[in-house]
Amino acid sequence: MKENRKNSLKRSLAVILFSILICLGVFIPQLTVSSGQAVTGSVQNMFAILSGLILGGLQGAGAAGFFIILGAAGLHVFPGKMAGMEYFLGPSGGYIWGYFFAALMGGMLLGNPYEYEKKFSLKHWLFIAGISFLCYATVYLPGILWFKHSIMENTYPEKTQILYEYFSSLEKNQRLKELLKITFYPFLGEDIVKWIITVPLTAVIRPYAAKILYPSDRKEEEAIFEDMKKQKELFEKLRNIKKTGNKKKN
């Protein structure tokens, strides 16, 4: 019981630490800012995705969720050192939701860290690469959709009136192209770099995270291996007894 409480405390602390890491990412200069201010948050999206990939399960989503709560409560941790529900509900607010969904997806698909994962296995790296790629794409999905909604529906007029008039003047086949120019293309290059960095960091850190956060799993595995060893020894004894019996009969 005490061991379980200790492990739960460690996981809770890990969630808080990763949440703080996401918050601190706002102080790293943003590489790209579009005219529409639909920013991905520089390295904050990478930290949110890493929280899911490294912590696994719901822990990473918890870290991203706690970050969102802090920002909505008034702490200046949103991209551009912004804070409050004004940013959260504004044109760029969808990206913040994207952090949460990306962390949740990464944690659920990759699962809890496992101590015996191979740090430098090509197959494992490719698996992580595929999941992390989906995570980065997940950040964009709610970000682009919410940006489009807030502009075209003019739900946030004090911030989007100019863009609303601009998009309204375009032909329908031009709107998507212009939308992607603001919300997607400016950030693609930097996110590819972050994606490349994410893969080795995840592969190397996960086994160490498993030692700290899931030590009980290791004990259970050792107990299973010990039980298997005993069963094997018993089987060998029975086989030797059978062989001895056969020799005596002969």
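As a reminder, the structure under discussion sits directly above these lines.
Residues numbered from 1 in each chain as written. Predicted model: local features only at pLDDT ≥ 70, side-chain atom pairs only at ≥ 80, totals over all residues. Heavy atoms only, no water.

**Concerning the overall build of the protein chain**
Piece 1. Counting secondary structure elements, the protein chain contains 10 helices and 0 strands.
Piece 2. Listing the helices and strands of the protein chain from first to last along the sequence gives α-α-α-α-α-α-α-α-α-α.
Piece 3. Sorting the 250 residues of the protein chain into buried and exposed places 44% on the buried side.
Piece 4. Of the contacts formed within the protein chain by residues at least 6 apart in sequence, a portion of 75% connects residues at least 24 apart. (Helix = DSSP H or I, 4+ residues; strand = E, 2+ residues; numbered from the N terminus. Buried < 20%, exposed > 50% of the residue type's maximum accessible area, 1.4 Å probe, protein only. Contact = heavy atoms within 4.5 Å.)

**Some points on the packing of helix α3 (residues 59–72) against helix α5 (residues 93–110)**
Piece 1. Two elements in contact, α3 and α5, have axes separated by 7 Å at closest approach and are oriented at 165 degrees. Taken together, the axis directions place α3 and α5 in an arrangement best described as roughly antiparallel. Between α3 and α5 the crossing geometry is left-handed. Each of Gly-60, Ala-61, Ala-64, Gly-65, Phe-67 and Ile-68 in α3 lies in contact with α5, whose residues at this interface are Ile-96, Tyr-99, Phe-100, Ala-103 and Leu-104. (Axes fitted to C-alpha atoms, helices over the stretch in contact; angles between N-to-C directions. Parallel < 35°, antiparallel > 145°, perpendicular 65-115°, else oblique. Left-handed = near helix turned anticlockwise from the far one by under 90°.)

**A closer look at the pattern of salt bridges**
Piece 1. Within the structure shown, the criterion is met by 4 salt bridges.
Piece 2. Between Lys-194 and Glu-190 there is a salt bridge; the shortest N-O distance is 3.4 Å. Residue Lys-194 and its partner Glu-190 are located together in helix α9 (residues 185–213), separated by 4 residues, close to a single helical turn. Assigned by exposure class, Lys-194 and Glu-190 land together as buried.
Piece 3. For Lys-194, the salt bridge identified is with Asp-191, shortest N-O distance 2.9 Å. Taken as a pair, Lys-194 and Asp-191 lie in helix α9 at a separation of 3 residues, close to a single helical turn.
Piece 4. With a relative accessible area of 5%, Lys-194 lands in the buried category.
Piece 5. The exposure class assigned to Asp-191 is buried, which follows from its relative accessible area of 5%.
Piece 6. The network of salt bridges with common partners includes Glu-190, Asp-191 and Lys-194. (Salt bridge = Lys/Arg side-chain N within 4 Å of Asp/Glu carboxyl O.)

**Details of the environment of Asn-4**
Piece 1. Among the structural elements, Asn-4 can be located in helix α1 (residues 2–24).
Piece 2. With a relative accessible area of 46%, Asn-4 lands in the partly exposed category.
Piece 3. Sequence separation of Asn-4 and Pro-215 is 211 residues, and the distance between their C-alpha atoms is 9.7 Å.

**Re the packing of α5 against helix α6 (residues 122–152)**
Piece 1. Two elements in contact, α5 and α6, have axes whose closest approach is 7 Å; the angle formed by their N-to-C orientations is 155 degrees. Regarding the angle of α5 to α6, the classification is roughly antiparallel. Considering the relative orientation of α5 and α6, their crossing is right-handed. Contact residues: α5 offers Gly-93, Gly-94, Tyr-95, Trp-97, Gly-98, Tyr-99, Phe-101, Ala-102, Met-105, Gly-106, Leu-109 and Leu-110, while α6 offers Phe-127, Ile-128, Ile-131, Leu-134, Cys-135, Thr-138, Val-139, Tyr-140, Pro-142, Gly-143, Ile-144 and Trp-146.
Piece 2. Residue composition of the contact of α5 with α6, by class: 18 nonpolar, 6 polar and no charged. (Nonpolar A, V, L, I, M, F, W, Y, C, P; charged D, E, K, R; others polar.)

**Structural notes on unusual backbone geometry**
Piece 1. Unlike most non-glycine residues, Lys-81 shows phi in positive territory, near 60 degrees.
Piece 2. By secondary structure assignment, the location of Lys-81 is in the loop between α3 and α4 (85–88).
Piece 3. A relative accessible area of 44% means that Lys-81 is categorised as partly exposed.

**Considerations on a nonpolar patch on the surface**
Piece 1. Judged by side-chain polarity, Leu-9, Leu-13, Ile-16, Leu-17, Ile-20, Leu-24, Phe-27, Phe-66 and Ile-69 come together as a nonpolar surface patch covering roughly 870 Å² of accessible area.
Piece 2. By residue number, the principal contributor to the nonpolar patch is α1, which donates 6 residues.
Piece 3. For Leu-17, the position within the fold is in helix α1. (Patch = residues over 30% accessible without salt bridge, like charges linked within 9 Å, V, L, I, M, F, W, Y side chains within 5 Å. Areas by Shrake-Rupley, 256 points an atom, 1.4 Å probe, with all protein chains shown as cover.)

**Notes on α3**
Piece 1. With 14 residues, α3 extends 20 Å between its outermost C-alpha atoms, agreeing within 8% with the 20 Å of an ideal straight helix rising 1.5 Å per residue.
Piece 2. The set of residues buried in α3 consists of Gly-60, Ala-61, Ala-63, Ala-64, Gly-65, Phe-67, Ile-68 and Gly-71. (Expected span 1.5 Å × (residues − 1).)

**Remarks on the side chain of His-124**
Piece 1. Summarising the element assignment, His-124 is placed in helix α6.
Piece 2. On the basis of relative accessibility, which here comes to 15%, the residue His-124 falls in the buried class.
Piece 3. In this structure His-124 touches Glu-117, Lys-118 and Ala-203, once residues within four positions along its chain are discounted.

**Concerning helix α8 (residues 172–183)**
Residues spaced three or four apart along an α-helix point in a common direction, a consequence of the helix completing one turn every 3.6 residues.
Piece 1. Here α8 spans 17 Å end to end across 12 residues, near enough to the 16 Å set by a 1.5 Å rise per residue.
Piece 2. For α8, the complete set of buried residues consists of Glu-178, Leu-179, Leu-180, Ile-182 and Thr-183.

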